[in-house]
Amino acid sequence: MTRVALAALLSHWRRQPLQLLTLLIGLALATGLWSAVQAINAEARASYAQAAAQLGRSDHALLSAPSGWIARKDYVALRRAGWKLSPVLEGRARLGEIAATVVGVDFLSYPKPPEADAGAPEVTPERIFLAPGLLFAPPELAVQLAAQPDLPPVVATADLPPGVVMTEISLAQYLLDRAGQIDRLLVLDAQPINLRPLAELAPDLVLTPPERGTETARLTDSFHLNLTAFGLLSFAVGLFIVHGTIGLAFQQRRAMFRTMRALGISLRHLTWLLIAELGLLALVAGLLGLVLGYLVAAALLPDVAATLRGLYGAPVSGGLTLRPLWALSGLGIALIGAAIAGAQGVWRLHAMPLLASAEQRAWAGVAVRRARFQALAGLALLAAGGAAIWLFDGLVAGFALLAGLMLGAALLLPALLDLVLALIQRRTRAPVAQWIWADMRAQLPGLSLALMALLLALATNIGVGTMVSSFRLTFTGWLDQRLAAELYVTARTDEQGAALHRWLEQRVDAVLPVRSVDALIAGQYGEVVGMRAHETYRRNWPLIAAAPQVWERLDASGGVLVNEQLARRENLWPGAQVTIGTDWHPEVIGVYSDYGNPVGQIIVSLDTLLARFDGVPYRQFGVRIAPDRVPALVTEIRAQFDLPASAVVDQAEIKARSLAVFEKTFLVTGALNVLTLGVAAFAILTSLLTLWGMRLPQLAPVWALGLTRARLARLELLRSVVLAGLTALAALPLGLLLAWVLLAVINVKAFGWRLPIYLFSGDWLLLLALALLAGALAAALPAHRLRRTPPADLLKVFANER
Amino acid sequence: MLLEIQSLTKRYPGSDSARPVLRDLSLSLAAGETLALTGESGSGKSTLLHLVGALDRFDAGEIWLDGHALSALGDGARAALRRDVVALVFQQFNLIPSLTVAQNLSFHARLAGREDREWLDQLTERLGLGDFATRYPEQLSGGQQQRVAIGRALAMRPRLLLADEPTGNLDETTSDAVMALMLDLVAESGAALFLVTHSERIAALAGRRAHLSNGCIT
């Protein structure tokens, strides 16, 4: 019996292939876009975890020095006291022509030494510890390093993240030019008992407990949260399609359900059959979605990886691994999506009386009540979103506002459109026009889901588009201010840096040393930069808040400038005091924009920096010179100091690089944006096509009254275009509100800086045109069908035999 | 007795409780018998048929169908009765639009686990549906659809066939042909027929007649 009944239920889809296709595509798109985002996030997080575990950042307690590095003698003293520690040194180095992160460890004590890949040269203790030593690198980097002259042999290992080279610490100290220095000490698990506490033995060192999440994961959390939000939005838009299609399929099969029950299938059995049918369809769509998600993720991952590397320095490989958990969660989300979309249908089946005669309800009344409830729910969501940001703090409150705003507005849309159409209808006198507006209102319930999806997609487009364009404009201006020097030069060593400085001073208008150290700022690691208050900075530095005579006070009074993210996080505005290290509390005299930098940064005068910190690198310089003299100077510097091309970079090149990182940052959101809009356009098309079966009985009487099929077809087009246009108009204020939330709320909470909003009305016109086009294209096929419908089919509407 | 109705009363929620749709109604039907129930519109004919078919519940009295007291049966058992004992023919045909004529014809029999190919072929031929086996209901005329509905009902060899205005949507000529065929096939299958109609002409074709007025058999 079950097989026969299930076959009968499934036969509906055989007769309605378009509906089946709509359902499968909708669910596959929803699952695919969600899964793609999850795959990207999972891949990135796996990379962070691998990197953190391999570099010993997460599993062990760490000892580090607020001054920046630990002297070898302190390490030796702790070891003699009985503490089991493993030293780590980490830094950027140029290995031949390749820049890489070099991690030096003591292979005898290091808890997780990398293992050589199969086929790599044999690794023996002699080869690691005796000259020339060994470099361990991920496979791709190993190939590149092997081609460089004068480097120790390279061993490929899959255990290391991209861009990282691991080696014995003494070799690392040589490569990094940091003899005798250690960055951190890993406190190993098994320690002898009765040791003197570390706080007594090394009071100057800071003990950090093992991390639950990695540092990189924390830094990039907001980026992944953004992606997840987009994934959820795409999923929601996809679900609108699925909900509409399943709802229609249930509606169309009401008579079938009654007949099946009348023929002896119990309600419980039928319910289970429908759930099984939904599950089956969800599994098929889920599998399609997984394939789609994998393809989208594979296409986007290289850009995401580049973004994460460029913006956060996070090590993410560009390759995608198929993870069973990801596949299972993808299928799970497809099933959940189908359950959400089908729940109403199953509930209605339960509420549906077996006899049609018992269902003589006032449908119009029900529809009005439902619309009213939906509008009230929309208002409640808007209020809840507003309350969330008012009552709570943090990024989640920002996203709660976003969700409340978007979903609330979507739920309000049908009521709003009905109101506008009713107003237009009231002002119309011509009979055909009156019918058109009345018919449009009558069609709203059937089209409302698709229009809500379109509203969300258009508003997202406007909102994210405004955010990206505002960001680009601000960022470009900021780059112009920050990169005021014509040329940036990086020496190989501090000695070479000093020589370069002297050499440059004879030949250029001004040399601006760029010197910095990492230090504890307000309890968290950040960067302290030394700066001379040169005219270049006075004119160009992007200050957003400043005390009077800020530049004079930077040099004279020991005041400091802090970047915007640090200022907002710690409430450090001019007049406040900031703690650097443990015992230095200078006054904040200014705050500056510092887009794209995830960590706190402080600017002090160069003399103060050198007085407070030892071993400040002396390698980077900005050079002021007439632009036409730049090419000649570049050639001369390279010849004189034997520097690679990448060490002498002009301003235009840095700007191009920075903008490239910026563009990549928003490439993914842009791609998801376009996909979401496509899904919404598809939703309108499918709604119109699936409603087609119900349309003939509505149009036949008008045709019989004298309107030609061609005119009716044109009116069908007009209906779709008008509804899409009205939706686009509603999407404009919503999109601008969304942009404001993104720039003034989410951005501040996620990244720490606020951006001004710039409006781009040309983009809106383009989007309006796209919405109208989507409406016209979606209605083209149904209108064409109507034009070609034989009069006999229209006549059947009036016949009992239909 | 195949069907025994005793002191049956049915009210609809919200309706005048002093005037139930069916009031203290008693009726019986033996196996192989044909009964036509006539009455004015709104007299409760269809309601009675739905109660006998275990599609709806009554307020008082009892219906014994094939030895089962319907008031005592849960939803599952009532569904089983509809599947195995009773077959229904509706005025609106109620075919499954996504199944072909052949699939619709065998549907109820397969649900009941009583598919008999020979009997199905015979029915298909007798009902003149051989040329339409692969068509869908929407491609058939009203008379043809009703013949499919009758074939579907008889294919599972029901003990009781309930027909609610089976020719109400058909013209007179088609109606007579369909009724004659249905009565012939019912006789051949050995089923009892409980026919509800407002047409005296159709009612005259049944072996027994009853008239329903103000919720009572007169």
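Structure's up top.
Described in the following lines is the structure provided in the data block. (Residues numbered from 1 in each chain as written. Chains lettered and ligands numbered in written order. Predicted model: local features only at pLDDT ≥ 70, side-chain atom pairs only at ≥ 80, totals over all residues. Heavy atoms only, no water.)

Glancing now at the interface of chain B and chain A. Taken together, the contact pairs 28 residues of chain B with 21 residues of chain A. When the buried area of chain B at its contact with chain A is split by residue, B:S98, B:F107 and B:L111 rank highest and sum to 23% of it. Remark: the boundary between chain B and chain A carries one salt bridge. The salt bridge involving A:R15 is made with B:E138; its shortest N-O contact spans 3.0 Å. Linking chain B to chain A there are five residue pairs in polar contact (both at pLDDT 80 or more). Elements supplying a minimum of two residues to the side of chain B that touches chain A: helix 2 (75-84), helix 3 (101-111) and helix 5 (142-155) of chain B. With six residues, helix 2 of chain B is the single largest residue contributor to the side of chain B that touches chain A. A per-class count over the side of chain B that touches chain A returns twelve nonpolar, nine polar and seven charged. (Contact = heavy atoms within 4.5 Å. Buried area = accessible area lost by both parts, 1.4 Å probe. Salt bridge = Lys/Arg side-chain N within 4 Å of Asp/Glu carboxyl O. Polar contact = N/O pair within 3.5 Å; in protein donor to acceptor, adjacent residues only side chain to side chain. Helix = DSSP H or I, 4+ residues; strand = E, 2+ residues; numbered from the N terminus. Nonpolar A, V, L, I, M, F, W, Y, C, P; charged D, E, K, R; others polar.)

Right, let's get into the pairing of strand 4 (residues 98-105) of chain A. Residue and element names in this part refer to chain A. A large share of strand 4 lies buried, amounting to seven of its eight residues. As judged from the eight bridges shared by strand 3 (residues 85-95) and strand 4, these two strands associate in the antiparallel manner. The partner of R94 across the bridge, within strand 4, is A99. Linking strand 3 to strand 4, which pair antiparallel, is a turn of two residues; within it G96 sits at a positive phi near 65°. (Buried < 20%, exposed > 50% of the residue type's maximum accessible area, 1.4 Å probe, protein only. Pairing = 2+ DSSP bridges.)

This next bit is on the pairing of strand 9 (residues 208-213) of chain B. All names here are of chain B. As judged from the five bridges shared by strand 3 (residues 34-39) and strand 9, these two strands associate in the parallel manner. Across the sheet, G39 pairs through a bridge with L212, a residue of strand 9. Relative to strand 10 (residues 216-217), strand 9 runs antiparallel, the two being bridged by two bridges. Residue S213 lies in a different strand from strand 10, and its bridge partner there is C216. The hairpin formed by strand 9 and strand 10 contains two residues between the paired strands, and N214 there has a positive phi angle of roughly 50°.

Let's shift gears to the packing of helix 15 (residues 494-505) of chain A against helix 20 (residues 630-641) of chain A. Describing two packed helices takes the angle between their axes plus the distance from one axis to the other. Residue and element names in this part refer to chain A. Interhelical geometry of helix 15 versus helix 20 gives an angle of 140° and a closest axis separation of 12 Å. Classified by the angle between their axes, helix 15 and helix 20 sit oblique to one another. Helix 15 and helix 20 meet at a crossing whose hand is right-handed. Across the interface between the two elements, Q496, A499, L500, W503 and L504 from helix 15 touch L633, E636, I637, Q640 and F641 from helix 20. Across the contact of helix 15 with helix 20, the residue classes tally to seven nonpolar, two polar and one charged. (Axes fitted to C-alpha atoms, helices over the stretch in contact; angles between N-to-C directions. Parallel < 35°, antiparallel > 145°, perpendicular 65-115°, else oblique. Left-handed = near helix turned anticlockwise from the far one by under 90°.)

So, on to the packing of aromatic side chains. Tallying each qualifying case throughout the model produces six aromatic pairs over all chains. Look at A:F250 and A:F257: their rings are 5.8 Å apart centre to centre, the planes differ by 65°, and that puts the pair in the edge-to-face class. Like A:F250, the residue A:F257 is buried in the burial classification. Three or more aromatic residues link up through ring pairs in this structure, and these residues are A:Y537, A:W541 and A:Y592. For B:R157, the ring lying beneath its charged end belongs to B:W119, and the centroid distance is 4.5 Å. (Phe/Tyr/Trp six-rings, centres within 6.5 Å; stacked < 30°, edge-to-face > 60°. Lys NZ or Arg CZ within 6 Å of the ring centre and 35° of its normal.)

Time to look at the packing of helix 4 (residues 117-126) of chain B against helix 5 of chain B. Residues and elements named next belong to chain B. Direction vectors running N to C along helix 4 and helix 5 enclose 155°, while the axes themselves pass 10 Å from each other. Judged by the angle between their axes, helix 4 and helix 5 are roughly antiparallel. The crossing of helix 4 and helix 5 is right-handed. Across the interface between the two elements, W119, L120 and L123 of helix 4 pack against G151, L154 and A155 of helix 5. Per-class residue counts for the contact of helix 4 with helix 5 are five nonpolar, one polar and no charged.

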